[in-house]
Amino acid sequence: MNMTTTLDVQRSGPVARVFLNRPEVRNAFNDGVITELTQTFTALAADSTLRCIVLGGHGKAFCAGADLNWMRAMAGYSWEQNRADAQALAEMLWTLYSCPLPIVGRVHGDCYAGGLGLAAVCDVLLAAEGVSFCLSEAKLGLLPATIGPYVVKAMGEQAARRWFLTAERFSAAQAHAMGFVHECVAPEALDAKVDEIVAALVANGPMAVRACKSLVQDVAGRAIAAELRADTARRIADIRASDEGREGIQSFLGKRAPNWLA
């Protein structure tokens, strides 16, 4: 276990679990949290022995958005200080989104504002029934700008039109219905569901999972033109010819477990 100032990072075999660890402020984030998330995920991304990462929060909420003291300080910032501050948040979100490892989001309690940005960069998002989501920025005369690209990708443009503009709360069931959340389960079943997804990820080819994550990000929204068709043909040729691809096919044909499960 590795405790930073704001995070609890746990490691068990090929799985890392990163928990926001500021329960006294419902895991609201500030510049310190942003810096530590960036550093932590950069380090985890470079660890070739890891297979997946779980992202959650300790206490009563996943993440309540921006810390009030941080917001109070920002009220006195110049335009340039605001831009630098926002750029750090944008870089943190990109670090998580571009992490080669799959990230499983474990959402409980409240998930507000910037917390939705953290949820949106997860590859598999699981939420407890009763979770309250809210893109509350417009209520404060602001907008969810830095998290916007990830949230729109995750919930879809049509859903984003409503929730960005109205700043209404929406439920875990509504988040599931729009496809933002993959599974919505009873709070007491959340950890079991997280473990189930982690087990599914770890059972697959390590390089294949990374390649699948990259594939989705690279083909989403692109025209199925000759360039993309050639790119996807190259990708499958590369992985079929790799040691892992050959082992996967041979183990399947030989009716035995592949070596990554040995």
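All figures in this text were calculated on a predicted structure; none of them were measured in a lab.

1. Notes on the pattern of salt bridges
Summed over the entire model, instances satisfying the criterion amount to 16 salt bridges. In this structure, R26 engages D110 in a salt bridge whose closest nitrogen and oxygen atoms are separated by 2.4 Å. Placement of the pair is R26 in the loop between β3 (15–20) and α1 (31–45) and D110 in strand β6 (residues 110–112), with a sequence separation of 84 residues. Its relative accessible area of 35% is what places R26 among the partly exposed residues. The exposure class of D110 is buried, given its relative accessible area of 18%. Between K193 and E183 there is a salt bridge; the shortest N-O distance is 3.6 Å. Residue K193 is located in helix α8 (residues 190–203), and its partner E183 is located in strand β10 (residues 183–185); the two are separated by 10 residues in the primary sequence. Given the relative accessible area of 15%, K193 is considered buried. Overall, E183 belongs to the partly exposed group, its relative accessible area being 30%. In the salt-bridge network here, residues are joined through shared partners; they are D218, D231, R234, R235 and D238.

2. What about the packing of aromatic side chains?
Tallying each qualifying case throughout the model produces 6 aromatic pairs. Between W163 and F170, the aromatic rings sit 4.6 Å apart at their centres with planes inclined by 40°, giving tilted as the arrangement. The burial state of W163 is the same as that of F170; both residues are buried. Aromatic ring contacts, followed pair by pair, group F133, W163, F170 and F180 into a single cluster.

3. Quick word on the environment of W260
Locating W260 in the fold gives a position in the segment after α11 (243–253). Exposure remark for W260: the relative accessible area of 21% places this residue in the partly exposed category. Look past the residues within four positions of W260 in its chain and what remains in contact with it is R51, V202, A203, N204, G205, P206, E244, E247 and G248.

4. Here we look at the side chain of S251
Note that S251 resides in helix α11. When sequence neighbours within four positions are dropped, the list of residues in contact with S251 reads R256, A257 and P258.

5. So, the packing of helix α9 (residues 206–219) against helix α10 (residues 226–240)
A pair of packed helices is characterised by two quantities: the angle between their axes and the separation of those axes. Running from N to C, α9 and α10 cross one another at 175°; their axes reach a closest spacing of 12 Å. Taken together, the axis directions place α9 and α10 in an arrangement best described as roughly antiparallel. Mapping the contact onto sequence places M207, A208, A211, S214, L215, D218 and V219 in α9 and L228, T232, R235 and I239 in α10. Broken down by class, the residue content of the contact of α9 with α10 amounts to 7 nonpolar, 2 polar and 2 charged.

6. Examining the packing of α1 against helix α3 (residues 79–97)
Between α1 and α3, the shortest axis-to-axis distance is 9 Å and the interhelical angle comes to 30°. As summarised for this structure, α1 and α3 are arranged roughly parallel, according to the angle between their axes. For the pair α1 and α3, the crossing hand works out as left-handed. Across from I34, L37, T38, F41 and T42 in α1, the residues of α3 making contact are A88, L89, M92, T95 and L96.

7. Comments concerning the pairing of strand β2 (residues 7–12)
Across 6 bridges, β2 lies against β3 in antiparallel orientation. Its bridge partner being in β3, L7 is matched across the sheet by L20. Connecting the antiparallel pair β2 and β3 is a turn made up of 2 residues, with G13 showing a positive phi of about 60°.

8. Looking at the nonpolar core
Of all hydrophobic cores here, the largest spans 67 residues; its most connected members are L118, F133, M155 and F180. Per element, the largest residue contribution to this core is 6 residues, and it comes from α8. If we ignore the near neighbours within four places in the chain, the residues touching L118 are L20, L37, L55, F62, C63, M92, L93 and L96.

Calculation criteria
- Residues numbered from 1 in each chain as written.
- Predicted model: local features only at pLDDT ≥ 70, side-chain atom pairs only at ≥ 80, totals over all residues.
- Heavy atoms only, no water.
- Salt bridge = Lys/Arg side-chain N within 4 Å of Asp/Glu carboxyl O.
- Helix = DSSP H or I, 4+ residues; strand = E, 2+ residues; numbered from the N terminus.
- Buried < 20%, exposed > 50% of the residue type's maximum accessible area, 1.4 Å probe, protein only.
- Phe/Tyr/Trp six-rings, centres within 6.5 Å; stacked < 30°, edge-to-face > 60°.
- Contact = heavy atoms within 4.5 Å.
- Axes fitted to C-alpha atoms, helices over the stretch in contact; angles between N-to-C directions.
- Parallel < 35°, antiparallel > 145°, perpendicular 65-115°, else oblique.
- Nonpolar A, V, L, I, M, F, W, Y, C, P; charged D, E, K, R; others polar.
- Left-handed = near helix turned anticlockwise from the far one by under 90°.
- Pairing = 2+ DSSP bridges.
- Core = buried A, V, L, I, M, F, W, Y, C linked by side-chain atoms within 4.5 Å.

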